[in-house]
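Okay, here's what each chain looks like letter by letter:
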Amino acid sequence: MSSNAGETPYLARGVELLGTDSSILISSSKYLNEPRLREWVAKIALKKNGADYPPAAEMYELIQILQDLRDFDRLEDLIREERKTNQALDNWFNAWFCSDYTIEDLKDCAPGTVGGIYYRAATQGGYDVQIVPNFKPQTQWQYYSLRAGQTHDYEHILTGGGFNYIGELLPYWFRLATIDQHIQNKELAGEMNVMGILGTTRYLLRTVLHYPETWGAALKCIEQGIAIGRNSEPFWMAKMEDYWHTPLDEARRILGVRGAADLDTEAEGQIWSGVKT
């Protein structure tokens, strides 16, 4: 590349590479500095799907990487500050409610109720009600993380996202939008959304690269998830057990879920899984 500014390609202008005495790769980003995360991002962005390494395993790997990167003392300070001006969040933490049910506790819920829909999806799909092993949270961040896992499947139901790979995009983008909407401190909101943005990046890149016939369905899920997150109450704080026996439309009304419609993405989810090509 010529050093003459007039001959430098437009998109390449402004580059000023910095020198370093470091003997290893180094940047100002803690994420870029983590070799496991660099490998993870490259892998999940470019790979095809296959039964040998399912998407859930990708997230299990990511959880540990982020655990080692987080500044937990800073997170606790940010949450304490947020609670001073965010009454809904403060009430949620004060309640400190944690779920401890099994899927069999929902077996008597009527079809069409929140619990009935969940019971049918979980038993037919072979899903565990605990995405991560249950534990007693000792910190505010642990509590947030635990409850995010415990309410995830209900966010599928309430937002209209099917229990399949493309359907995952709806609760992903709902959560990304609702956190930004209802958490005032944007540093905290960003920390709460790190897992979600990395998780959903898998879908954005791999869908276009390898499963473009599912991209239209993916966009519908993303659009609906963002709209619900922007326009709804923060129903991710709700105690979902209170709505097991409530018909879905009524539960959405009570919880302030706005703009939800049930999207059928089963066929696209099968294609994206790599099972059907």
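Whatever comes next refers back to the structure up there.
Residues numbered from 1 in each chain as written. Predicted model: local features only at pLDDT ≥ 70, side-chain atom pairs only at ≥ 80, totals over all residues. Heavy atoms only, no water.

(A) Spatial organisation of the overall build of the chain. Of the regular secondary structure elements, the chain holds twelve helices and zero strands. Taken along the three principal axes of its C-alpha coordinates, the chain extends 75 × 50 × 35 Å. Split into buried and exposed, the 277 residues of the chain put 46% on the buried side. When the accessible surface of the chain is split by element, carbon and sulfur atoms take 55% of a total near 15,000 Å². Positive and negative side-chain charges in the chain, numbering 27 and 38 respectively, have mean positions lying 1 Å apart. (Helix = DSSP H or I, 4+ residues; strand = E, 2+ residues; numbered from the N terminus. Buried < 20%, exposed > 50% of the residue type's maximum accessible area, 1.4 Å probe, protein only. Areas by Shrake-Rupley, 256 points an atom, 1.4 Å probe, with all protein chains shown as cover. Lys, Arg positive; Asp, Glu negative; His and termini not counted. Charge placed at Lys NZ, Arg CZ, Asp CG, Glu CD.)

(B) Summary view of the packing of helix α7 (residues 140-159) against helix α11 (residues 248-255). The geometry of α7 relative to α11 is characterised by a closest axis approach of 10 Å and an angle of 105° between their N-to-C directions. Put simply, α7 runs roughly perpendicular to α11. Residues Ile157, Leu158 and Thr159 of α7 form the contact with α11, whose own contacting residues are Leu248, Ala251, Arg252 and Leu255. Along the lines of polarity and charge, the residues of the contact of α7 with α11 split into five nonpolar, one polar and one charged. (Axes fitted to C-alpha atoms, helices over the stretch in contact; angles between N-to-C directions. Parallel < 35°, antiparallel > 145°, perpendicular 65-115°, else oblique. Contact = heavy atoms within 4.5 Å. Nonpolar A, V, L, I, M, F, W, Y, C, P; charged D, E, K, R; others polar.)

(C) Layout of the packing of aromatic side chains. With the rule as written, the count across this model stands at 17 aromatic pairs. Plain terms: the ring middles of Trp141 and Tyr144 are 5.4 Å apart, the flat faces sit at 40° to each other, and that makes the pair tilted. You can see Trp141 and its partner Tyr144 sitting in helix α7, three residues apart, about one turn around the helix. Judged by relative accessible area, Trp141 falls into the buried class, the value being 6%. A relative accessible area of 6% places Tyr144 in the buried class. (Phe/Tyr/Trp six-rings, centres within 6.5 Å; stacked < 30°, edge-to-face > 60°.)

(D) Region of the structure containing a nonpolar patch on the surface. Residues Leu46, Leu205 and Leu209 make up a contiguous nonpolar surface patch of about 280 Å² in total accessible area. As for its placement among the helices and strands, Leu205 is situated in helix α9 (residues 186-210). (Patch = residues over 30% accessible without salt bridge, like charges linked within 9 Å, V, L, I, M, F, W, Y side chains within 5 Å. Salt bridge = Lys/Arg side-chain N within 4 Å of Asp/Glu carboxyl O.)

(E) View of unusual backbone geometry. Backbone geometry at Trp96 places phi at a positive 50°, although glycine is not the residue there. Mapped onto the secondary structure, Trp96 falls in the loop between α5 (87-95) and α6 (114-125). For Trp96, a relative accessible area of 31% corresponds to the partly exposed category.

(F) Region of the structure containing the pattern of salt bridges. All chains considered together, the criterion is met by 18 salt bridges. For the salt bridge of Glu58 with Arg206, the shortest nitrogen-to-oxygen distance reads 3.2 Å. With Glu58 in helix α3 (residues 55-69) and Arg206 in helix α9, this residue pair connects regions lying 148 residues apart in the sequence. Comparing Glu58 with Arg206 shows no difference in burial state: the two are buried. Where Arg258 meets Glu233, a salt bridge forms, and the shortest distance between an N and an O atom there is 3.2 Å. Here the residue Arg258 occupies a position in the loop between α11 and α12 (266-273), and Glu233 occupies one in the loop between α10 (215-231) and α11, the gap between them amounting to 25 residues. Members of the salt-bridge network, linked through shared partners, are Lys47, Glu58, Arg202 and Arg206.

(G) Broad picture of the nonpolar core. Counting residues in hydrophobic clusters, the biggest one holds 65 residues, and the most contacted among them are Tyr118 and Trp236. Looking at this core, the element that brings in the most residues is helix α8 (residues 169-182), giving seven residues. For Trp236, the contacting residues outside a window of four places in its chain are Leu89, Trp92, Tyr144, Thr151, Glu155, Phe174, Arg175, Thr178, Ile179, Ile183 and Met192. (Core = buried A, V, L, I, M, F, W, Y, C linked by side-chain atoms within 4.5 Å.)

(H) Molecular detail of α6. Across its twelve residues, α6 extends 16 Å between first and last C-alpha, which sits within 8% of the 16 Å expected from 1.5 Å per residue. Looking only at α6, the buried set comprises Val114, Gly115, Gly116, Tyr118, Ala121 and Ala122. The inward-facing, buried residues of α6 abut α7 and α11. One or two steps after α6, the chain reaches Gly126, where phi turns positive at roughly 70°. (Expected span 1.5 Å × (residues − 1).)

(I) The arrangement of the packing of α8 against α10 in detail. Between α8 and α10, the least distance of the axes is 7 Å, while the angle of their chain directions is 30°. When the axis of α8 is compared with that of α10, the two are roughly parallel. Between α8 and α10 lies a crossing whose hand is right-handed. Every residue of α10 that contacts α8 at Leu169, Leu170, Trp173, Phe174, Ala177, Thr178, Asp180, Gln181 and His182 is listed here: Ala218, Cys221, Ile222, Gln224, Gly225, Ile226, Ile228, Gly229 and Arg230. Tallied by class, residues from the contact of α8 with α10 come to ten nonpolar, six polar and two charged. (Left-handed = near helix turned anticlockwise from the far one by under 90°.)

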